[in-house]
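A structural walkthrough
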Amino acid sequence: MSNVTTEHQCGCGHHAASSITLLVDNKAGDGLECVHGFAAWIKIRDRRILFDTGQKDVILKNAERLGINLADAEVLVMSHGHDDHTDNLADFYAINPTAPMYCGQNIEADRFCCRPGEQSLNWSPPASAKQVFANLPPEQKHILTAPHYFLPGVAATGPVPRLTTFEDVGDALFLDAAGTKPDPVSDDMSMWFETDKGLVILLGCCHSGIVNTVNYIRKVSGVEKVSGIVGGMHLIRANEERMKNTLEAMKSWNLDWLIPCHCTGDKAMQQMKDYLGDKVTFGCTGTVIELGQLPEKQEGDFSMCKKHAHACGCGCA
């Protein structure tokens, strides 16, 4: 695929005008570090967005090695509150204290994975992230309850309706360590980009389900063609029915490319490769996806949903 590379690009502006670079992932490109976590750096011409902050200090090390300055991020978008996406939140705000955060409701909630016969796992945001959530000024923390356009053709889903019968949150997720209060991961959201080749969709863990997410983005954006999808899909524990329906949906989208990574699971990733062939590339830190052409720049800032001619469904005038 000509639009995907694992070569280290420096973010200096001499490469693709718009791109996504994976900063944190479970696997790493040469000279970079990996951890169970996810973060991506988004470049839209001269604008910068950070998507999630990963786990441990991997984002800081990889950003430095890739020549990416986290202080340049004008916006932080959080896919959801699990610790593998929020662990470096305090480190990011120490570098970039004024960046507005866009996130879902209840992102600060305690979260647990309680699989039958196994010890409960605490997937809550770390204390340092919770402190950030609590202390951000109201004007700096934007809780999305509907889709939101940041720039022309660049948007976040907000909550994704759960309409399929075969998709669930992807694991035994609860709001308590005893496993008595199911966690719908209501804060889960993804991003999309309306390029000249179709939609490019960026996922964190996609606890809403990838079919639900893609179908919703197509509906809200009004763009049918899906060019590519990159990110975690949390199919590591998917049953046979879910995988069958997911693969069939992916084939029906007629994707140009697919880059599963993070929590997708090695078995599920290989099934995608077997089913869709060369369209599938496994992601890792350092992977760069060139986005192609997006709508031309318009005046405004990252809170300008109402300034766009493209209706986002958020209800703003």
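Keep in mind that what you see is a predicted model, and the values were worked out from it rather than measured.

So, how was this worked out
- Residues numbered from 1 in each chain as written.
- Predicted model: local features only at pLDDT ≥ 70, side-chain atom pairs only at ≥ 80, totals over all residues.
- Heavy atoms only, no water.
- Salt bridge = Lys/Arg side-chain N within 4 Å of Asp/Glu carboxyl O.
- Pairing = 2+ DSSP bridges.
- Helix = DSSP H or I, 4+ residues; strand = E, 2+ residues; numbered from the N terminus.
- Axes fitted to C-alpha atoms, helices over the stretch in contact; angles between N-to-C directions.
- Contact = heavy atoms within 4.5 Å.
- Disulfide = S-S within 2.5 Å.
- Core = buried A, V, L, I, M, F, W, Y, C linked by side-chain atoms within 4.5 Å.
- Buried < 20%, exposed > 50% of the residue type's maximum accessible area, 1.4 Å probe, protein only.
- pLDDT = per-residue confidence, 0-100.
- Parallel < 35°, antiparallel > 145°, perpendicular 65-115°, else oblique.
- Left-handed = near helix turned anticlockwise from the far one by under 90°.
- Nonpolar A, V, L, I, M, F, W, Y, C, P; charged D, E, K, R; others polar.

1. A closer look at the pattern of salt bridges
Counted according to the given criterion, the structure contains 15 salt bridges. If you follow the salt bridges from partner to partner, you end up with Glu33, Asp57, Lys61 and Arg65 in one network.

2. Side note on the sheet that holds strand β15 (residues 226-232)
Taken in spatial order, the six strands of this open sheet run β10-β11-β13-β14-β15-β16, and their pairing is mixed. Every other strand in the sheet has two partners, leaving β10 (148-151) and β16 (257-261) as the edge strands with one partner each. On average, each strand axis in the sheet is inclined to that of its neighbour by 20 degrees, with strand direction left out of account. In this structure, β15 lies alongside β16, joined through five bridges in parallel fashion. The residue of β16 that forms the bridge with glycine 232 is cysteine 261. Sheet strands touched by helix α5 (residues 210-221): β10, β13 (191-195), β14 (198-203) and β15. Its angle to β14, the strand with the most contacts, is close to 135 degrees.

3. Observations regarding the state of the cysteines
Under the criterion given, the structure shown has zero disulfides. The cysteine cysteine 113 is free of any disulfide, with cysteine 114 supplying the nearest cysteine sulfur at 6.7 Å. Here cysteine 261 stays unpaired: no disulfide links it, and the sulfur of cysteine 263, its closest cysteine neighbor, is 8.1 Å away.

4. Examining the nonpolar core
Soluble, globular proteins show a tendency: their nonpolar side chains are buried together. Grouped together as the largest cluster of nonpolar side chains are 30 residues, with contacts concentrated most on Ile201, Ile210, Ile229, Met233, Met250, Trp253 and Leu258. Those elements that place two or more of their residues in this core are β14, α5, β15, α6 (240-252) and α7 (266-276). Among all residues touching methionine 250, those that are not within four sequence positions of it are Ile210, Met233, Leu255, Leu258, Met272 and Leu276.

5. Observations regarding the pairing of β13
Where burial is concerned, most of β13 is hidden: five out of the five residues are buried. Of the two faces of β13, the one carrying Met191, Phe193 and Thr195 and the one carrying Trp192 and Glu194 are both buried. Bridge count for strand β11 (residues 154-156) against β13 is three bridges, and the pairing is antiparallel. Across the sheet, alanine 156 pairs through a bridge with methionine 191, a residue of β13. Pairing of β13 with β14, which is carried by five bridges, proceeds in the antiparallel orientation. Paired with glutamate 194 across the strands is leucine 199, a residue of β14. If you look at the hairpin formed by β13 and β14, you'll find two residues sitting between the two strands.

6. Section: the side chain of threonine 21
Inspection of the secondary structure assignment puts threonine 21 in strand β2 (residues 18-24). Threonine 21 has contacts with Ala39, Ala40, Trp41, Leu66, Ile68, Thr287 and Val288, leaving out every residue within four places of it along the chain.

7. So, the confidence of the model for the protein chain
Residues of the protein chain with pLDDT of at least 70 account for 88%, and the chain-wide mean is 91. When the criterion is pLDDT under 50, residues 6-15 qualifies, and its contacts beyond four places in sequence or with other chains add up to 21 contacts. The low-confidence segment residues 298-317, where pLDDT is below 50, has 44 contacts with residues more than four positions distant or belonging to other chains.

8. Focus on the packing of α6 against α7
In the contact formed by α6 and α7, the axes pass within 11 Å of each other and the chain directions differ by 45 degrees. With respect to their mutual orientation, α6 and α7 come out oblique. Handedness of the α6/α7 crossing: right-handed. For the pair formed by α6 and α7, the contact residues are Met243, Leu247, Glu248, Met250 and Lys251 on the first element and Ala268, Gln271, Met272, Tyr275 and Leu276 on the second. Looking at the contact of α6 with α7, its residues break down into seven nonpolar, one polar and two charged.

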